[in-house]
2 protein chains.
Amino acid sequence: MSAPVAPAVLAGLLGEGWRRPGASAHALADALRGLVVDGRLAVRTRVPSERALAPQLGVSRGTVSRAYDRLRGDGYLVSARGAGSWLTLPAGAGPGAPPPVFGGAPARALDLTIAALPAPEPLLGECAARAATALSRYSAMLGCAPAGVGELREAIAARFTERGAPTTADHVLVTAGAQHALHLLLSLLTTPGERVLVDAPSYPRTLSAVRGARARAVPVPLGASGWDVAAWDAAARAVGPRLGLTIPDFHNPTGLTMSAGDRAALAATAARSGMLLVADETNAELRLDGPAMPAPVAASDPGGAVVTIGSMSKSAWGGLRIGWIRAAPRLIRELAAARADVDLAGPVLEQLVAVELLARWDEVLASRRALLRPRRDALVSALAEHAPAWTCRRPRGGLSAWVRLPSPVATRLAAAAAHAGVHITPGPSFTTDGTFEHHIRLPYTRPPDDLARAVQTLSQLATRVGGATAVEDDPAPAAI
Amino acid sequence: MSAPVAPAVLAGLLGEGWRRPGASAHALADALRGLVVDGRLAVRTRVPSERALAPQLGVSRGTVSRAYDRLRGDGYLVSARGAGSWLTLPAGAGPGAPPPVFGGAPARALDLTIAALPAPEPLLGECAARAATALSRYSAMLGCAPAGVGELREAIAARFTERGAPTTADHVLVTAGAQHALHLLLSLLTTPGERVLVDAPSYPRTLSAVRGARARAVPVPLGASGWDVAAWDAAARAVGPRLGLTIPDFHNPTGLTMSAGDRAALAATAARSGMLLVADETNAELRLDGPAMPAPVAASDPGGAVVTIGSMSKSAWGGLRIGWIRAAPRLIRELAAARADVDLAGPVLEQLVAVELLARWDEVLASRRALLRPRRDALVSALAEHAPAWTCRRPRGGLSAWVRLPSPVATRLAAAAAHAGVHITPGPSFTTDGTFEHHIRLPYTRPPDDLARAVQTLSQLATRVGGATAVEDDPAPAAI
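Note that the coordinates shown come from a computational prediction; the quantities given were computed from them, not determined experimentally. (Residues numbered from 1 in each chain as written. Chains lettered and ligands numbered in written order. Predicted model: local features only at pLDDT ≥ 70, side-chain atom pairs only at ≥ 80, totals over all residues. Heavy atoms only, no water.)

Peer 1: It is not clear to me how the pattern of salt bridges should be interpreted in this structure. Could you clarify?
Peer 2: Two side chains that carry opposite charge are able to pair once their charged atoms sit near each other. All names here are of chain A. A full pass over the atoms with the stated rule returns 54 salt bridges over all chains. The partner of Arg-394 in a salt bridge is Asp-377, and the shortest N-O contact between them spans 3.0 Å. Taken together, the residues span a long stretch of sequence, with Arg-394 in the loop between β11 (391-392) and β12 (400-404) and Asp-377 in helix α13 (residues 361-386) at a distance of 17 residues. Of the residues examined, Arg-394 reaches a relative accessible area of 37% and is grouped as partly exposed. (Salt bridge = Lys/Arg side-chain N within 4 Å of Asp/Glu carboxyl O. Helix = DSSP H or I, 4+ residues; strand = E, 2+ residues; numbered from the N terminus. Buried < 20%, exposed > 50% of the residue type's maximum accessible area, 1.4 Å probe, protein only.)

Peer 1: Any chance you could explain the relation of the copies chain B and chain A here in plain terms?
Peer 2: Applying a rotation about an axis and a shift along it to one chain copy brings it onto the other copy. Between the two copies, chain B and chain A, the superposition gives an RMSD of 0.0 Å; the rotation angle is 180° and the shift along the axis is 0.0 Å. As the rotation angle and translation indicate, the two copies are arranged about a two-fold axis. Measuring from the rotation axis to each C-alpha of chain B, the shortest distance belongs to Ala-129 of chain B, at 3.0 Å. Looking at chain B, 100% of its interface residues are interface residues in chain A too, so the copies touch through the same face. (Least-squares fit on C-alpha atoms with pLDDT ≥ 70 in both. Contact = heavy atoms within 4.5 Å.)

Peer 1: Which parts of the structure should I look at to understand the packing of aromatic side chains?
Peer 2: Residues and elements named next belong to chain A. Summed over all chains, the structure comprises four aromatic pairs over all chains. Judged by centre distance (6.1 Å) and plane angle (55°), the ring pair of Trp-402 and Phe-436 falls under tilted. You can see Trp-402 sitting in strand β12 and its partner Phe-436 sitting in the loop between β14 (425-426) and β15 (439-443), a full 34 residues away along the chain. Members of the aromatic cluster, joined through ring pairs, are Trp-402, Phe-430 and Phe-436. In this structure, Arg-33 packs its charged tip against the face of Tyr-76, placed 5.9 Å from the ring centre. (Phe/Tyr/Trp six-rings, centres within 6.5 Å; stacked < 30°, edge-to-face > 60°. Lys NZ or Arg CZ within 6 Å of the ring centre and 35° of its normal.)

Peer 1: Quick question: what am I supposed to make of the interface of chain B and chain A here?
Peer 2: Where interface size is quoted, it is often the accessible area lost as the parts come together. Each partner contributes residues to the interface: chain B has 76 residues there, and chain A has 76 residues. Of the roughly 5,900 Å² buried between chain B and chain A on both sides combined, carbon and sulfur atoms contribute 61%. Contact with chain A buries surface across chain B, with Arg-44, Leu-142 and Asp-341 of chain B losing the most and accounting together for 12% of the total. For the interface between chain B and chain A, the tally reads six salt bridges. With a shortest N-O distance of 2.7 Å, Asp-341 of chain A and Arg-211 of chain B are connected by a salt bridge. Within the residue set of the side of chain B that touches chain A, elements represented by two or more residues are β2 (84-87), α5 (123-134), α7 (178-189), α8 (204-212), α11 (329-339) and α12 (348-359) of chain B. Looking at the side of chain B that touches chain A, the element that brings in the most residues is α11 of chain B, giving seven residues. When its residues are assigned to classes, the side of chain B that touches chain A shows 44 nonpolar, 18 polar and 14 charged. (Buried area = accessible area lost by both parts, 1.4 Å probe. Nonpolar A, V, L, I, M, F, W, Y, C, P; charged D, E, K, R; others polar.)

Have a look at this one:
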C-alpha cells in the first residue's frame, strides 16, 4: 500500500463545492465517495489521518472522523490496524454499476453520466456475422499480432489518408480503445512523478490515466472559444514535458473544435519543445452540422511531434473495444513491444468486425448522426425552455453539451439530482483541482423525452440549491 | 526517459552465457539485442555509458563501444546528444515479427520460441457465428461492463466450481488474457520498487510484467521435483511481499505440477504472511496423461490469500483474448475500477464467443489434447534418439518440455540454432540473473516432423558449441 494521499492534494481535488450549510461530516463523506466513484481517487488510496486532514479543510477532527465513520459504514473505507484506512468500493458500486444514491433510491433513474449510444443494429450484427466467417482465415495463426491484424491497420491508415493525413499501416497500432491507447503511451513514455500537459477542463479518464501512470497532470486552461496556444507554448517551455494531451475535435467536455491555425501552432510548439502532442480523436467523426472539420492535427505534424489516438467506442459502439494509435513507425514498434507486458495483443475476431465496420463506415456514422441530431436539438430546446439562465454553446458534434450555470453549485446540483433520479457529471470531475463548479456536462445520447425531463428536474433543483449557496465563486470563472 | 539501467543489473541479466571465444563486441551486441527482443529489457531502456559498463563486464571500453556501434547500425540502439543511448527495435523486429537472424537468413525457419496451437476449427468458427447472433441481445448496452459480461462471469465461476473451488460470478473479473490479469493485479497492488516473489525459472512475460510495473522480482528457486515450500516461507518472511506469483499446473517452463500438500502449504504461507499468492492456471486444463490433477490452489485458500488467473490462450487459441481473475469480491470490484484507467472493459462479442466455447469446453480440450499428445511423444522420442545425453522429464501436460543440456551452452546453442533456422528460447530467458544456461525450453506445438528436424539440428549444433565452451558452469546447477 502506498503512502496516504497528501492532505493538500486531497483538499485540491475536493475543491470547495462539497461544502453544504450544516452537516459537514455528511457532505465530506459524500464528496470523498464521489472522488472514488468517479475515479478521481484510485481505489486503495490511503486517506490522510483525521489529524492531518482536518486543518487542511478547516473543519474539526470530529467532522473528519464522522465522515470516515460514515464511509466505513457504507463500505467505501476499510481500516486495518497499523495500515491506516483506504478507499474501496462496496458491492453494487463501481464502474458498470448504476451511480450510487444515498438515502433512498429514486423511482426511475436517468443516467446522464455516460455519453454513449446503443449499438448500430442491424449493421453491427451483419458485420459480426461476416467477421465470424472471415475468422477461419486466421486459424493457422499461432501467436498474436501486438500491433494489430494487418488488414485492420491498413483500413485505419486508409481512413487517416482520406481525412487528410497520409498514413501507412506501419504508422498504426490497433488498441482496445482510446483509453488503452493512452495507457500504452503513458506507460512507455512517462516515469513516475513526470509532468504531462492536459486541457482544463479535460475528460476525467484522461486525468485518471495520467494519475494511474503515477505522472502529474499540469492543466492548461482552455479559453472561451478555444485553445490558448500561447499558454500551451509557455507551459511547454516552463515544464519541458515529454507528453501533452488534448482533444482537438469536439473536445470532451467543452465541445470545442480546434481551429486549423491552432492545430499548426500546437504542433509547432510540440516540435520545438520536444513534447509529443497526443491528439485524442475519439469524437472527431461525429460532426452533426456546422463548418467542415479542419484536417487532423497529424496533418500539421512537422515530423514525429504529433501522436493521434482514436476509437470506435463513440462513433460505432462502446461494447466494441477497438481503438488505435497513429505515430512514427519506430514508436509504433516500441508500443507493440511494451504492449507485451500489458495484454500481448488484441482479439482477432474483434479486429475483423472493425474491418467490416470501416468498409461501411459512412453508414455507421450516418446512423449515429441520425440518432444524435434530434437528441442534440431536444436538449438545446429543453435548456432554452426550462433553464433560460443557463448558457451553452450549441454543440456541432460529439455527444454532449457543456452547460454553464449562473452560480457555482454543480457539485450540489449533481448530489440533489441524484436523489431525484437524474445522474449528471459536475464540472469538477473534469479537473484535478475542484474548479468548474459553474459547469455541468449533459450528454444528448438519451431519447428526447428523457432529456426534456432531465433538464426540467435539474432546473428546478438548481434554483433550490443555488438559493442556499454559501460557496465561494468559481475560482476560474473566465474560462469557457 | 528514465535513468540508464544500472551496469550491475545489466551484467546480471546478461549472465555469462553470452561470452564467446574472440569476437567479444559481436557477442555483446548479440546478447544485448537478445535482451530487448525477448523483453527482458524494455524498449526505451537507456544503456550505461561505455565507461560504466566495461569494467562491470570485464571487457575494454572499445569492446562496449564496438558493440554499441553494431547495435546502432542494426537499428537496435538510438543515441541523442545529451540524452545518451537507448534500446529500440528496427523495422521487421519485435513481437509478432519472426525472430531475428543476423548474417544471412536461413532457408526454412522453424520457430520454437512460441508455445501455441492453431485455432480449434471448425469449433471456433461455429462458436463465433453463434456469438455474432447473440450479440444483438446486448445492443441496448451503453457503457461497458469492466468486470465482464454476466453470463461469462457465471460460466467461468461454474468451471472453477466443477474443478473443486466453489466460485460465484462476483469472484470473477474477465480479462483480455492472463498477461492482462497479471498487469491489472500488479498495477493495483504494487508500488515502484516493491518486491514480488516469483518462481526461478519463470515464464518470461511474468518477469517482464513485474519489471513493467516497476516492481522487483525476487526469485524463489524450484527444486528438481517441485516447489520448495520452506524457501517460499523463508522468502515471504524475509521480504514481506504483498504478492507472490507462481504457475502451479504444468509450470512454464519446467512442466512441474504442484502437489496437493504444497498447495496447502503455500496457501498457508500466504495467509500467514499477508502475501497474496497469485496462481497462474494458464496451462491447468492441458493435462495429457499421468495422475489426476490436484484441486486448484484456490481450493486450499483459507480466505482471501489466493488469487487465481487463467486464460483461454493456450487451451483454446491465442488469437482469442479472454482470461480471468478469481479473487475475493472486494478485490474484484477494485480491479474493475482500476481497469477503467487501463482499457475500461473487454469486448462484448469476444466474451460471447468465450461463453459458447465454455459450453463446449470438453470438446475444446479434447481437440487440443488430440493435437498435443502425438507431438509431445514425437519430441520425447526425438530427444531420446538424437540427443541421448540431454535429460528431460516426460511432460504430463502443458505445451513444452524443459530440457537439460550436459553443458551450460543454452545461449550459444540458441544463437547457433537461429543461424540454422531453428529458433528456441534458452534457459536464461526464464530468469532475471542469466542463470539456467544448462536449459532450453522446447514447445511440442509444431507437427511431429518439424520437432524431429529441430531436435536433430539442435543436437548437432550443441556438440559444436559445447566443444568450444569456455563458460563457467551453471551457477544454479542443482535446480531442476
